[in-house]
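# Structural overview
These are the residues of each chain, in order.
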Amino acid sequence: MGRTDPFTGDVVVKATVAGKLWELQQGFCYRNPEHLEHGGTTGPIPVPALLKTDFASVPRAFVWLFPRYGVYTRSAILHDSLCGDESVQRAEADRIFRISMRELDVALLRRWVMWAGVRAGGMWKVMKGGGTWQAVRSPAVLKRAAGWLLVAVPAAVFLAVPAVVISVWLFVFWLIEKVLYLVLKAFRKEPNHPELLFKTG
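Rules of the game
Residues numbered from 1 in each chain as written. Predicted model: local features only at pLDDT ≥ 70, side-chain atom pairs only at ≥ 80, totals over all residues. Heavy atoms only, no water. Pairing = 2+ DSSP bridges. Helix = DSSP H or I, 4+ residues; strand = E, 2+ residues; numbered from the N terminus. Salt bridge = Lys/Arg side-chain N within 4 Å of Asp/Glu carboxyl O. Buried < 20%, exposed > 50% of the residue type's maximum accessible area, 1.4 Å probe, protein only. Expected span 1.5 Å × (residues − 1). Core = buried A, V, L, I, M, F, W, Y, C linked by side-chain atoms within 4.5 Å. Contact = heavy atoms within 4.5 Å. Axes fitted to C-alpha atoms, helices over the stretch in contact; angles between N-to-C directions. Parallel < 35°, antiparallel > 145°, perpendicular 65-115°, else oblique. Left-handed = near helix turned anticlockwise from the far one by under 90°. Nonpolar A, V, L, I, M, F, W, Y, C, P; charged D, E, K, R; others polar.

## Describing the sheet that holds strand E2 (residues 13–15)
Pairing between the strands of a sheet comes from backbone hydrogen bonds, and it takes one of two forms, parallel or antiparallel. The strand order E2-E3-E6 describes an open sheet built from three strands, whose pairing is antiparallel. In this open sheet, the two edge strands, each paired with only one partner strand, are E2 and strand E6 (52–53). Note: E2 against strand E3 (residues 22–24), three bridges, orientation antiparallel. Bridging from a neighbouring strand, Val-13 pairs with Leu-24 of E3.

## Looking at the pattern of salt bridges
For the structure on display, the rule yields six salt bridges. When the shortest N-O distance is used, the salt bridge between Glu-23 and Lys-52 registers 3.1 Å. Taken together, the residues span a long stretch of sequence, with Glu-23 in strand E3 and Lys-52 in strand E6 at a distance of 29 residues. In this structure, the salt-bridge partner of Arg-119 is Asp-94, at a minimum N-O distance of 2.7 Å. One end of the pair, Arg-119, is in helix H3 (residues 108–128); the other, Asp-94, is in helix H2 (residues 90–103), and 25 residues separate them in sequence. Of the two residues, Arg-119 and Asp-94, neither departs from the other in class, the shared state being buried. A single salt-bridge network, built from bridges that share partners, covers Arg-90, Asp-94 and Arg-119.

## Looking at H2
Taking 1.5 Å of rise per residue, 14 residues should cover 20 Å, and H2 covers 20 Å from first to last C-alpha, within 8% of that figure. Across the 14 residues of H2, 10 count as buried, placing the element largely inside the fold. Buried within H2 we find Ala-91, Ala-93, Asp-94, Ile-96, Phe-97, Arg-98, Ile-99, Ser-100, Met-101 and Glu-103. Of the residues flanking the end of H2, it is Asp-105, one or two places downstream, whose phi is positive at about 65°.

## A closer look at the nonpolar core
Among the nonpolar cores identified, the biggest contains 34 residues, and Tyr-30, Val-47, Ile-77, Leu-78, Leu-82 and Met-114 are the most heavily contacted of them. Mapped by element, the contributors of at least two residues to this core are strand E4 (28–30), strand E5 (45–47), helix H1 (73–83), H2, H3 and helix H5 (139–186). The residues contacting Met-114, other than those within four sequence positions of it, are Ala-56, Phe-66, Tyr-72, Phe-97 and Met-101.

## Quick notes on the sheet that holds strand E1 (residues 7–8)
If you trace the three strands from one edge of the open sheet to the other, you get E1-E4-E5, paired in antiparallel fashion. Strands with a single pairing partner mark the edges of an open sheet, and in this sheet they are E1 and E5. Here E4 pairs with E5 via three bridges, running antiparallel. Among the inter-strand pairings, Tyr-30 is bridged to a residue of E5, identified as Ile-45. Contacts from H1 reach E1, E4 and E5, with the element oriented near 95° to E5. Strands in contact with H2 are E1, E4 and E5; relative to E4, the strand with the most contacts, it is inclined by about 95°.

## Topic: the packing of H1 against H2
Remark: H1 packs on H2, axes separated minimally by 9 Å, with the N-to-C direction vectors making an angle of 165°. As summarised for this structure, H1 and H2 are arranged roughly antiparallel, according to the angle between their axes. Two packed elements cross with a definite hand, and for H1 against H2 that hand is right-handed. Where H1 approaches H2, its residues Ser-75, Ala-76, Leu-78, His-79, Leu-82 and Cys-83 are matched on the opposing element by Arg-90, Ala-93, Asp-94, Ile-96, Phe-97, Ser-100 and Met-101. Class assignment of the residues belonging to the contact of H1 with H2 gives a composition of eight nonpolar, three polar and two charged.

Structure follows, in C-alpha cells:
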C-alpha cells in the first residue's frame, strides 16, 4: 500500500560545468510530522534552490546495486542539504535520510544498507575532524554504533566479492584507456587523459 508523498515540490536540476554535481533549480520541502522533529517543531524541512548535489554518493563498485538516483533521489538531495546545515547533527541527518526513504516505499533492506553507508561516512568525517574518544564511547553513541554494526557487517560481507571484482575491472579498463591514450599521444593527437575513478561524482 502506497504512502502519502512526504515531499512537496518537484526536483528540477541542471548539470554544473564540471558535470560532477547538479544544481537544484527550485526548492522543495520534506514534511513528516509523524516521525520527525526539526528544531523543536514538526514543520516542513526546506531544501533550498541552488543546492549542489551528487544525488546518492555511491562508490562506483556498488552502483550496480545502489544506483545514484532512483525512487530515493529526493531523500538523497534532502540528506545533502541537511549535511550542509550546521544546526543539524550528522547522525540526525542520516536518520532523516533513512526515514524519508521509508516514506517513499524504498524496501527495508535497501534503505537500511544505504543508511549504514552514510553513517559510515559520517563517522569517518568525525574521526578525520579529531572527534574525541570520550564522545565516541558515550552510551548513546555506542548504542547507535551497535545498531550500525548489525547492518554494516552483513552488508559488507555480501558486497565484498562483487566490489573487489568490479574494482579490478575498473582498473583493467583504465589500463586499456591509458595505453590507447599513450598511443594517440605518440601520434601527436590530443586525446583526453583517462582518470581512474572509484568514486562517482
